[in-house]
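Given next are the chains, with one letter for each unit.
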Amino acid sequence: MAQPESLAELLNGRRAAVDASLPAVGFVAGWLVFGESIWAGAIAAVVSAIGVSWWRLRKGDKPRAVLIGLFLVCVAALIALYTGKAEDFFLLQLLSNAASALAWIISIVIRWPLLGLVVGTVLGQRTRWRRDPALLRAYSRGSWVWVMQYVIRVAVFLPLYQAGWTEALAAARLGLSGPLIAGCLAVSWWVIRRSLPADHPGLRHPVVDDPVQKAAS
């Protein structure tokens, strides 16, 4: 099998994960500094998110993805303000991780693994990879690693949320963002490589029975 760039290089997930955790740290910092004021925490979180958005736009990230991240921080802040509970700033994160785990499981079961869809989109292949049985199998196995990532987050976040431990939630958010994403990228890449035959040309070159290519050859 050819040795292309790793998933970490393709998806650039580690930096995005670290950036996404900064508003949560900002929320808890503002909340603590101003006497457990949810308003202060919410303002600090939104300001942090705006700063991260500006930085990511300067680095060339797509405006749509950046604005979605900013919007989600604003929604999380509004939830905490509405309920009056600081830990509810992390409710959206908890629910999104549970929903993500379910979505990834469903995608594997129906043989449309999300890891394949994401990587295929990044590589400009659309769904061509799906006509390669070896790649389909490899992406399905690699997707289970991502399922475990979300399950781990839910298993950690849920008891902390139920206990109302806001500081611990922020620490968990930070600890389970960059490091966990890095580990997930590394392990899923290892699983994909182990799943593909030794003579497979790699992720960029799906082995498919393409009538157009046959006619041209």
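Just so it is clear, the model here is predicted, and its values are computed rather than measured.

Scoring rules and cut-offs
- Residues numbered from 1 in each chain as written.
- Predicted model: local features only at pLDDT ≥ 70, side-chain atom pairs only at ≥ 80, totals over all residues.
- Heavy atoms only, no water.
- UniProt positions renumbered as here; feature names shortened; annotations may be inferred.
- Helix = DSSP H or I, 4+ residues; strand = E, 2+ residues; numbered from the N terminus.
- Phe/Tyr/Trp six-rings, centres within 6.5 Å; stacked < 30°, edge-to-face > 60°.
- Buried < 20%, exposed > 50% of the residue type's maximum accessible area, 1.4 Å probe, protein only.

Visitor: Sorry, what's going on with the UniProt feature "transmembrane region" (unreviewed entry) in the protein here?
Guide: Taking the UniProt record as the reference, the feature "transmembrane region" (unreviewed entry) is found at residues 38-57, 64-82, 102-123, 144-164 and 170-192. Across residues 64-82, the secondary structure splits into 100% helix and 0% strand, with the terminal C-alpha atoms separated by 27 Å.

Visitor: Which parts of the structure should I look at to understand the packing of aromatic side chains?
Guide: To describe a pair of aromatic rings, one takes the distance between the centres and the angle between the planes. Summed over all chains, the structure comprises 7 aromatic pairs. An angle of 85° between the planes, with centres 5.3 Å apart, marks the rings of phenylalanine 89 and phenylalanine 90 as edge-to-face. Both residues of the pair, phenylalanine 89 and phenylalanine 90, count as buried. Between tryptophan 129 and tyrosine 139, the ring centres sit 5.3 Å apart and the planes meet at 85°, which makes this aromatic pair edge-to-face. Of this pair, tryptophan 129 sits in the loop between helix 6 (114-122) and helix 7 (133-163) while tyrosine 139 sits in helix 7, and the two are 10 residues apart along the sequence. The exposure class assigned to tryptophan 129 is buried, which follows from its relative accessible area of 0%. Joined through ring pairs, the aromatic side chains of Phe27, Phe89 and Phe90 make up one cluster.

Visitor: Just to check I follow, could you spell out unusual backbone geometry for this structure?
Guide: Comment: phi is negative for the bulk of residues other than glycine, and the bulk of peptide bonds are trans. The phi torsion at glutamate 36 lies on the positive side, around 60°, for a residue other than glycine. Looking at the secondary structure, you find glutamate 36 in the loop between helix 2 (13-33) and helix 3 (38-58). Taking the relative accessible area as the measure of exposure, glutamate 36 reaches 51% and is therefore exposed. Positive phi outside glycine occurs at arginine 126, with the angle close to 55°. The residue arginine 126 is located in the loop between helix 6 and helix 7 in this model.

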